[in-house]
Amino acid sequence: MPLDWNAVVAKYGEGYQVPTIRGGKFVNVVRVDEEAIYIESPIWSARLHRKNLEAAVDLIETGVISTDPGLFVEDYILYVAHERASSVAHIFRDLGILDQTETFNIRC
């Protein structure tokens, strides 16, 4: 199933703290528009481009990219983009796109 951008906007559009597997830590989504999800921390900000997120979901559906969150990070960097792949993994996990396992190891 393709990425439902309307669901992404509804959930994260006004800002949202996506929980990470590291207790008490979050990916801070500050807004969403038709082009990207905007995230930030106290020392950086980034855009997660919609076209890349949609491409990643397509590659998950075809079996090219793993739904295991730890493997997803490497696959995302290799096949899609090198843009905050660990943040994408946390967001996709929160959306139910990736497995919900608590045992993955990702680079932040």
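For the structure, see preceding data.
Remember, it's a predicted structure, so these values are computed and weren't measured experimentally.

Rules of the game
Residues numbered from 1 in each chain as written. Predicted model: local features only at pLDDT ≥ 70, side-chain atom pairs only at ≥ 80, totals over all residues. Heavy atoms only, no water. Salt bridge = Lys/Arg side-chain N within 4 Å of Asp/Glu carboxyl O. Helix = DSSP H or I, 4+ residues; strand = E, 2+ residues; numbered from the N terminus. Buried < 20%, exposed > 50% of the residue type's maximum accessible area, 1.4 Å probe, protein only. Core = buried A, V, L, I, M, F, W, Y, C linked by side-chain atoms within 4.5 Å. Contact = heavy atoms within 4.5 Å. Axes fitted to C-alpha atoms, helices over the stretch in contact; angles between N-to-C directions. Parallel < 35°, antiparallel > 145°, perpendicular 65-115°, else oblique. Left-handed = near helix turned anticlockwise from the far one by under 90°. Nonpolar A, V, L, I, M, F, W, Y, C, P; charged D, E, K, R; others polar.

What follows is about the pattern of salt bridges. For the structure shown, the criterion picks out four salt bridges. Two residues, D94 and K11, come together in a salt bridge whose shortest N-O distance is 3.0 Å. Placement of the pair is D94 in helix α4 (residues 85-95) and K11 in helix α1 (residues 5-12), with a sequence separation of 83 residues. A residue is classified by how much of its surface remains accessible, and K11, at 30% relative accessible area, is partly exposed. Between E54 and R50 there is a salt bridge, with the nearest N and O atoms lying 2.8 Å from each other. Taken as a pair, E54 and R50 lie in helix α2 (residues 50-61) at a separation of four residues, close to a single helical turn. Residue R50 is classed as partly exposed on the basis of its relative accessible area, which comes to 22%. Taken together, the salt bridges that share partners define one network made up of E34, R50 and E54.

For the rest of this paragraph, the subject is the nonpolar core. One finds I37, L53, F72, I91 and F92 to be the most contacted residues of the largest nonpolar core, which totals 27 residues. Those elements that place two or more of their residues in this core are α1, β2 (26-32), β3 (36-40), β4 (45-49), α2, α3 (69-79) and α4. Among the elements that line this core, the one with the most residues is α4, at five residues. Residue contacts for F72: discarding those within four places in its chain leaves A56, I60, I65, S66, A85, V88, A89, F92 and L98.

Right, let's talk about the environment of Y76 for a bit. By the element assignment, Y76 lies in helix α3. Classification of Y76 as buried rests on a relative accessible area of 0%. With 20 residues separating them in the primary sequence, Y76 and A56 have C-alpha atoms 6.8 Å apart. Once residues lying within four places of it in the same chain are set aside, the contact partners of Y76 are N52, L53, A56, I65, A81, E83, A85 and V88.

Here the focus is the packing of α3 against α4. It is the contact of α3 with α4, at a shortest axis distance of 9 Å, that shows an interaxial angle of 130°. Overall, the two elements α3 and α4 adopt an arrangement that is oblique. Crossing handedness for the pair α3 and α4: right-handed. Listed contacts from α4 to P69, F72, V73, Y76 and I77 of α3 are A85, S86, V88, A89, F92 and R93. When its residues are assigned to classes, the contact of α3 with α4 shows nine nonpolar, one polar and one charged.

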